[in-house]
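A look at the structure
Here is what each chain is made of, one letter per residue.
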Amino acid sequence: MKDLIHYIARSLVDDPDAVDVAEVEGNQTTVLELKVAKDDLGKIIGKQGRTAQAMRTILGAVSSKEKKRTVLEIIE
Amino acid sequence: MSSIREYVGKNVEKALEAASAELGLPKEKIKHDVISFGSSGIFGLVGVKKAKIRVTLPKGHRLEGKGHEGERADAETAVSATSAAVQDILSSTFGDAGTTKTETRQEEAPEPPQAASQPAPTHAAQPMDETLTAYGHDILKTIVDYITEDAVIRVDQNDERTIYNVSGGNAAVLIGKRGQTLEAIQYLLEKIINKKNGGRVRVLVDVEGYLDTRKENLERLAVRLAEKAARVGKPMTIGQMNAHDRRIVHLHLKENTEVRTQSIGEGYYRKLMIFPKRRRRGRKYK
């Protein structure tokens, strides 16, 4: 799951090396914290948050088979 | 000559039409006060009221078989007094209804259907070369593999866009609620490909013919609601659709002369409305 976000984020940004995903495990939810270069923040979030929303939707589909919720957070 | 005549109709509009037909004046020119707006009652059975308007005939307007010089001056003063009074009462009673009505009307008219604002396929069209198609395939495969196992992707190219057809695996999860997941995958894929390419290519991701099924369903729904809208004369609303879905409905009803379509609202709450077309409309409520 972490790898998926990492992979997608790397493909979207100008500076792939600055992409970092941290996984914080909780009881029922896993929080993925995505960090990117400052200039790439807009690309990750997208117009009206569309890209971020799309990633969350996909994440939802992936985590549904694991019966666990995953939340994506984008860290500035 | 100035005198008052009363007209009734199913609604104010109809009454105005009757008046305009009889007086030979365009509807906009008719000075009228609304006496009652009328109502279609409950199921059009109980409590049906006709709309009634009082038309003040303009000076010098001749109506066949009418008009005595002497009466006119009296009538005129009486009319202006009554019409002023009626206006007052009306604006206090029907004030709200009246204004909202006119507002919505004004809103409706100028904005063309949303479909027109979407990018025309011509300038977006840009054939993808093989390396790019393969790149897209790899990315899609990676994403899909996370969601479900054993999925196979077939790539098709038509003159407008590249179509990735996913089959096998758990189709339900890939599609998601109302095609949400599918849309998200397609959006991200398009974005990633365009990032690599620098240009603008269109991709389509389909899961086992889901898009066609959805299109058929939407078109059926559109036709049904359009018929209903035309029949009952009231706007119909379809909510909870993404841009692609709305586009299908807009395009499908474009040729329909009975209705016109428009999207209203923002983001998640954006709705598509189907309005019955009226042949002529008088939009002034004086």
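Above this text you will find the structure in question.
To keep things clear, this report deals only with the structure shown in the data block. Worth saying up front: this structure is predicted, and the values here are computed from it rather than measured.

Attention now goes to the sheet that holds strand 6 (residues 203-207) of chain B. Residue and element names in this part refer to chain B. Read across the open sheet, the 3 strands follow the order 4-5-6; overall the sheet is mixed. Every interior strand has two partners, whereas the edge strands, strand 4 (152-157) and strand 6, have only one. The mean angle between the axes of side-by-side strands here comes to 20°, regardless of whether they run parallel or antiparallel. Along the sheet, helix 8 (residues 180-197) makes contact with strand 5 (162-167) and strand 6, crossing strand 6 at roughly 150°.

Across the contact, 20 residues belong to chain B and 21 residues belong to chain A. With both chains or domains summed, chain B and chain A bury close to 1700 Å², and 67% of this area falls on carbon and sulfur atoms. Ranking the residues of chain B by area buried against chain A places Y146, Y187 and K195 of chain B at the top, with a combined share of 37%. Of all elements in the fold, only helix 6 (130-147) and helix 8 of chain B reach the threshold of two or more residues within the side of chain B that touches chain A. If you tally residues by element for the side of chain B that touches chain A, the top one is helix 8 of chain B, at 10 residues. By residue class, the composition of the side of chain B that touches chain A is 10 nonpolar, 4 polar and 6 charged.

Residues and elements named next belong to chain B. Unlike most non-glycine residues, R178 shows phi in positive territory, near 50°. Position of R178 relative to the elements: it lies in the loop between helix 7 (171-175) and helix 8. Owing to a relative accessible area of 42%, R178 belongs among the partly exposed residues under this scheme. You will see that E208, though not glycine, has its phi angle at about 45°, which is positive. Inspection of the secondary structure puts E208 in the loop between strand 6 and helix 9 (210-232).

Here the focus is the sheet that holds strand 3 (residues 69-75) of chain A. Residues and elements named next belong to chain A. Overall, mixed pairing links the 3 strands, which are arranged 1-2-3 in an open sheet. The outermost strands of the open sheet, each flanked by one partner alone, are strand 1 (20-25) and strand 3. For this sheet the average axis-to-axis angle between neighbouring strands, irrespective of direction, equals 20°. Relative to strand 3, strand 2 (residues 29-35) is paired through 7 bridges, and the arrangement is parallel. In the sheet register, E33 faces strand 3, and the bridge partner there is E73.

Here the focus is the nonpolar core. Of all hydrophobic cores here, the largest spans 49 residues; its most connected members are L34 and I58 of chain A together with L140 and V166 of chain B. When residues of this core are assigned to their parent elements, the largest contribution, 8 residues, is made by helix 8 of chain B. Once you skip the residues sitting within four places of it in the chain, L140 of chain B turns out to touch I153, Y164, V166, I185, L189 and V205 of chain B.

All names here are of chain B. Residue placement: V8 occurs in strand 1 (residues 4-9). In the structure, V8 is positioned 29 residues away from F37 in sequence and 9.8 Å away in space, judged by C-alpha atoms. Among all residues touching V8, those that are not within four sequence positions of it are A15, K50, A51 and K52.

So, about the pattern of salt bridges. Going through the model one piece at a time under the given rule, you end up with 12 salt bridges over all chains. For the salt bridge of E190 of chain B with R202 of chain B, the shortest nitrogen-to-oxygen distance reads 3.9 Å. Within this pair, whereas E190 of chain B is found in helix 8, its partner R202 of chain B is found in the loop between helix 8 and strand 6, the two being separated by 12 residues in sequence. A residue is classified by how much of its surface remains accessible, and E190 of chain B, at 12% relative accessible area, is buried. Salt bridges sharing partners connect three or more residues here, namely D14, D40 and K43 of chain A together with K195 of chain B.

The rules behind the values
- Residues numbered from 1 in each chain as written.
- Chains lettered and ligands numbered in written order.
- Predicted model: local features only at pLDDT ≥ 70, side-chain atom pairs only at ≥ 80, totals over all residues.
- Heavy atoms only, no water.
- Pairing = 2+ DSSP bridges.
- Helix = DSSP H or I, 4+ residues; strand = E, 2+ residues; numbered from the N terminus.
- Axes fitted to C-alpha atoms, helices over the stretch in contact; angles between N-to-C directions.
- Contact = heavy atoms within 4.5 Å.
- Buried area = accessible area lost by both parts, 1.4 Å probe.
- Nonpolar A, V, L, I, M, F, W, Y, C, P; charged D, E, K, R; others polar.
- Buried < 20%, exposed > 50% of the residue type's maximum accessible area, 1.4 Å probe, protein only.
- Core = buried A, V, L, I, M, F, W, Y, C linked by side-chain atoms within 4.5 Å.
- Salt bridge = Lys/Arg side-chain N within 4 Å of Asp/Glu carboxyl O.

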